[in-house]
Amino acid sequence: MNIAVTPPVDKPGSNQRPAMYYYDHFDRDFVQERVAEFRNQVERRLSGALSEDEFRPHRLMNGLYLQLHAYMLRVAVPYGTVSSDQMRQLALIADKWDKGYGHFTTRQNIQFNWPQLKDVPDILQALADVEMHAIQTSGNCIRNVTADHFAGAAADELEDPRPTAELIRQWSTNHPEYTYLPRKFKLALTGSTADRAAVMLHDIGLRIVKNPEGDIGYTVIVGGGLGRTPMVGKLVKDFLPRADLLAYLAAILSVYNRYGRRDNKYKARIKILVHETGLEAFKAEVEAEYAAMDRSGTNADPAELARIAAYFASPVFETVDAGDLEVHKAAHPDFARFVDTNVAPHKANGYAIVTASIKPYGGVPGDVTSAQMRLLAAVADQYSCREMRISHEQNVIFPHVKQSDLFALWQMLKTDDLATANAGLITDIIACPGMDYCALATARSIPIAQEISKLFANEERQKLIGKLGIKISGCINACGHHHIAAIGILGLEKSGKESYQITLGGDPTFSASIGERLGPGLDAEEVPHVIDSLVNIYLQQRQGDELFIDTYRRVGQAPFKPALEREVEDGSDI
Amino acid sequence: MAKFKHPQILTCSDLITGDVMFMQEGDWNRDHRRAKVAHTEEEAAALLARGLADFAKNRVIDVYLVDIAISADGHPEPIHYREKIRTLGPTMRLDLGKQAEATFAGDI
Ligand code: SF4
């Protein structure tokens, strides 16, 4: 998307507005045109002028799927950044046109599960009114670019990845060459030394780095992905100068467009191309394409990236101390636990990053009611520069909170069950919608997550176990990221019944690995007990404060096998 | 077409609302328990033809046959868990979907 230069309404960094991208007239016109276009398409569909075969590609391009019980609308939340005003509008949509709730996805988006086709144009208009849309949340195009949910706030960050993510979003939106790729295409970015965006598991993962000369650029990873054939991405470029980013991405996409398998949808992702071509040959193709192309015509003007970056200028941080934080922690052990688990270090002294857990014990991972959305918006208004992030872990992040406000913020979150002290712990389970909603599912995932969550609800035990990721997918498409969980659960069908495969040893970070299958599938009711046994074995095996993945890599799978065998023997917890 | 093994009913999604529907004697109905049951392959083919005609008329989408068994109280019930869930609503949100509606709670 080309953009004309219009300055932000308020001065960046002024704290009067959230530090995020704002539409200029070009964006506004484009989104508005798409709403009008879809309204017309829906009218023609309802009048019978368009058949389903003709209409289906249009509805998918606007994020509208048909699911098990109803239509589903997937709304893009670019790199997970959402303002309090936008969150309130999502609440309004949930109340007015849906059933009072929404679902945060593992791609930092939000889904509404019950919209009616006749209402969708109005919903899209309501989204456009707050600079949101559902474009490119489906189809074989470049999907919502995801980024570290602590972007612009993390203490371990070299650079906020969101300006780059926004540049890529603008460049790739409605790009004619990338509207009909061989298959969907996902990018993720991080600007930190820790990977919270799973960049190794995307079609293209970008890591913002500094070279020995002190220049900022990107490490480019290509060919990662989950689904039917999970693969860890391969290093394609150690250091790509910042100015060359779009040309290099274009070179990768050209090679993919030319050689990607369009004949077989199961082999159409770029990971298969990289794998089948071989890394060195693939790199050579990309480099040849890159050398031959008109780079200056593709790369963004540095002034344009600077203009975009200005939107994301840090809020003005005050010089503050932690106030009575320690006093409150001492007086309220549950608050102290919340601070221990859900609060992360901020780049500014006296500030913190807070995770509001959308994983209450026994709840549906990622589901928020409209009332909770409004509460989240109110908290952001009051304590976090009117801004939030949706994490791919299906939680909501407040990026800029004064430490002295943590107690008041926690009290607010508690009023509607948003303060569960479990971020990163075993009950912070990622789960896709599974067969309770999804038409592609082979089994349910949400009820499995709920049972495990209830089983491990004891907070002392969770603390003892420490950080441990459980992720659940309702089919091989792996939207629940089960392949990269310490303990992954995949729901399948076996002889007309739901059956669950356990994988161990997945890792979503820079040291990425794909989990390995533990053994035969389990019945749904066996799963929580087997997870409990696996955790007990981990606790017996771990040395010091080793994470599950480190213990697993040290001892291998064999010591964990008895979790399945013992379950078969007596059918109960060990 | 897959081999005919069980009695079948015909389902679809309503074009406008997306709601799950089942073909009964005269027209589509939201309640699978009222659905017309095909006991032979020929009856199933006839049901499907009616459904596809409505698809062609742009009234419904996603038309397909569902294997059922007749329950103790004489109603058709899908055999496969996917289709069972589809007749009711999300299994962990009993306040949503057809299962939440008073008309579906009692006898038909
Ligand atoms: S993993 Fe499968 S069941 Fe889960 S949301 Fe994705 S497609 Fe649906």
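Each value, and the rule that gives it
- Residues numbered from 1 in each chain as written.
- Chains lettered and ligands numbered in written order.
- Predicted model: local features only at pLDDT ≥ 70, side-chain atom pairs only at ≥ 80, totals over all residues.
- Heavy atoms only, no water.
- Salt bridge = Lys/Arg side-chain N within 4 Å of Asp/Glu carboxyl O.
- Buried < 20%, exposed > 50% of the residue type's maximum accessible area, 1.4 Å probe, protein only.
- Helix = DSSP H or I, 4+ residues; strand = E, 2+ residues; numbered from the N terminus.
- Pairing = 2+ DSSP bridges.
- Contact = heavy atoms within 4.5 Å.
- Axes fitted to C-alpha atoms, helices over the stretch in contact; angles between N-to-C directions.
- pLDDT = per-residue confidence, 0-100.
- Phe/Tyr/Trp six-rings, centres within 6.5 Å; stacked < 30°, edge-to-face > 60°.
- Lys NZ or Arg CZ within 6 Å of the ring centre and 35° of its normal.
- Buried area = accessible area lost by both parts, 1.4 Å probe.
- Polar contact = N/O pair within 3.5 Å; in protein donor to acceptor, adjacent residues only side chain to side chain.
- Nonpolar A, V, L, I, M, F, W, Y, C, P; charged D, E, K, R; others polar.
- Domains from an automatic or database assignment.
- Core = buried A, V, L, I, M, F, W, Y, C linked by side-chain atoms within 4.5 Å.

Caption draft 1: Representation of the pattern of salt bridges in the model. All names here are of chain A. Here the structure, examined in full by the defined rule, presents 47 salt bridges over all chains. Arg-45 is the partner of Glu-52 in a salt bridge, and the nearest nitrogen-oxygen pair spans 3.0 Å. In this structure, Glu-52 and Arg-45 share a single accessibility class: buried. A salt bridge links Arg-553 to Asp-507; its shortest N-O distance comes to 3.2 Å. A residue pair is termed long-range when its members are at least 10 positions apart, and Arg-553 in helix 18 (residues 548-555) and Asp-507 in the loop between strand 19 (497-504) and strand 20 (516-517) qualify at 46 residues. Residue classification places Arg-553 among the partly exposed residues on the basis of a relative accessible area of 41%. Via salt bridges that share partners, Asp-85, Arg-88, Asp-381 and Arg-386 belong to a single interconnected network.

Caption draft 2: Layout of the environment of B:Ala46. Looking at the element boundaries, B:Ala46 is found in helix 1 (residues 41-56). In sequence terms B:Ala46 and B:Arg33 are 13 residues apart; their C-alpha atoms lie 19 Å from each other.

Caption draft 3: Region of interest: the sheet that holds strand 17 (residues 470-473) of chain A. All names here are of chain A. The sheet built from five strands is open, its strands ordered 16-17-18-19-20 with mixed pairing. Where the open sheet ends on each side, the last strands, each with one partner, are strand 16 (430-431) and strand 20. Pairing of strand 17 with strand 18 (residues 487-494) involves four bridges; the strand directions are parallel. Bridged to Lys-471 within strand 18 is Gly-488. Each of strand 16, strand 17, strand 18 and strand 19 is contacted by helix 15 (residues 446-455), which is oriented at about 160 degrees to strand 17, the strand it contacts most.

Caption draft 4: Structural context of the confidence of the model for chain B. Of the residues in chain B, 94% reach a pLDDT of 70 or more, and the chain-wide mean stands at 93. We note a pTM of 0.94 for the whole complex and an ipTM of 0.95 for its interfaces.

Caption draft 5: Representation of the packing of aromatic side chains within the structure. Residues and elements named next belong to chain A. Taken as a whole and assessed by the stated rule, the structure comprises 16 aromatic pairs over all chains. Relative to Tyr-552, the ring of Phe-548 has its centre 6.4 Å away and its plane inclined at 10 degrees; by these criteria the two rings are stacked. With a gap of four residues between them, Phe-548 and Tyr-552 both fall in helix 18, about one helical turn apart. Of the two residues examined, Phe-548 and Tyr-552, each falls in the buried class. One aromatic cluster is present, formed by Tyr-538, Phe-548, Tyr-552 and Phe-560 through successive ring pairs. It is Lys-99 that lies over the ring of Trp-114; its NZ or CZ is 4.9 Å from the centre. We note Arg-295 situated over the ring of Tyr-290; from NZ or CZ to the ring centre the distance is 4.5 Å.

Caption draft 6: Spatial organisation of the interface of chain B and chain A. Counting residues at the interface gives 24 residues for chain B and 34 residues for chain A. Both faces considered, chain B and chain A share a buried interface measuring about 2300 Å² in area, 61% of it formed by carbon and sulfur atoms. Looking only at chain B, the three residues that lose the most surface to chain A are B:Tyr81, B:Arg82 and B:Met92, adding up to 27% of its buried area. The interface formed by chain B and chain A holds zero salt bridges in total. For the interface between chain B and chain A, the tally reads 10 residue pairs in polar contact (both at pLDDT 80 or more). Contributions of two or more residues to the side of chain B that touches chain A are made by strand 1 (8-14), strand 4 (60-70) and helix 2 (81-88) of chain B. Counting residues per element, the side of chain B that touches chain A draws most heavily on helix 2 of chain B, at four residues. Of the residues belonging to the side of chain B that touches chain A, the class tally is 10 nonpolar, eight polar and six charged.

Caption draft 7: Up close: the domain arrangement of chain A. Residues and elements named next belong to chain A. Under the domain assignment, chain A is made up of domain 1 (25-128), domain 2 (161-311), domain 3 (325-414) and domain 4 (430-564). One C-alpha centre belongs to domain 3, the other to domain 4, and the line joining them spans 26 Å. For the pairing of domain 3 and domain 4, the buried interface totals around 1100 Å² over both sides, and the portion due to carbon and sulfur atoms is 51%. There are two salt bridges connecting domain 3 and domain 4. With a shortest N-O distance of 3.3 Å, Glu-460 and Arg-337 are connected by a salt bridge. On the surface where domain 3 and domain 4 come into contact, there are seven residue pairs in polar contact (both at pLDDT 80 or more).

Caption draft 8: Highlighting the nonpolar core. Residue and element names in this part refer to chain A. Grouped together as the largest cluster of nonpolar side chains are 113 residues, with contacts concentrated most on Met-87, Leu-90, Ile-168, Phe-282, Leu-376, Phe-398 and Leu-413. By residue number, the principal contributor to this core is helix 6 (residues 245-259), which donates 11 residues. Contact partners of Met-87, with chain neighbours within four places excluded, come to Val-82, Phe-104, Met-373, Leu-376, Ala-377, Met-388 and Ile-390. Formed by 32 residues, the second largest nonpolar core is a distinct cluster that contains Ile-426, Leu-468, Leu-518 and Phe-560.

Caption draft 9: Up close: the pairing of strand 14 (residues 387-390) of chain A. All names here are of chain A. Of the two faces of strand 14, the one lined by Glu-387 and Arg-389 and the one lined by Met-388 and Ile-390 are each fully buried. Pairing of strand 3 (residues 81-83) with strand 14, which is carried by three bridges, proceeds in the antiparallel orientation. Within strand 14, the position partnered with Thr-81 by the bridge is Arg-389. Where strand 14 meets strand 15 (residues 396-402), two bridges bridge the pair, whose relative direction is antiparallel. Bridging from a neighbouring strand, Arg-389 pairs with Ile-397 of strand 15. Between strand 14 and strand 15, which pair antiparallel and follow one another directly, the connecting turn spans five residues, one of which, Gln-394, has a positive phi of 70 degrees.

Caption draft 10: Layout of the confidence of the model for chain A. Residue and element names in this part refer to chain A. Model confidence for chain A is summarised by a mean pLDDT of 94, while 96% of its residues fall at 70 or above. Segment residues 1-14 is flagged for pLDDT under 50; beyond a separation of four residues in sequence, or across chains, it makes 34 contacts in the model. Across residues 567-574, confidence stays below pLDDT 50; counting only partners more than four residues off in sequence or on other chains, it has 13 contacts.

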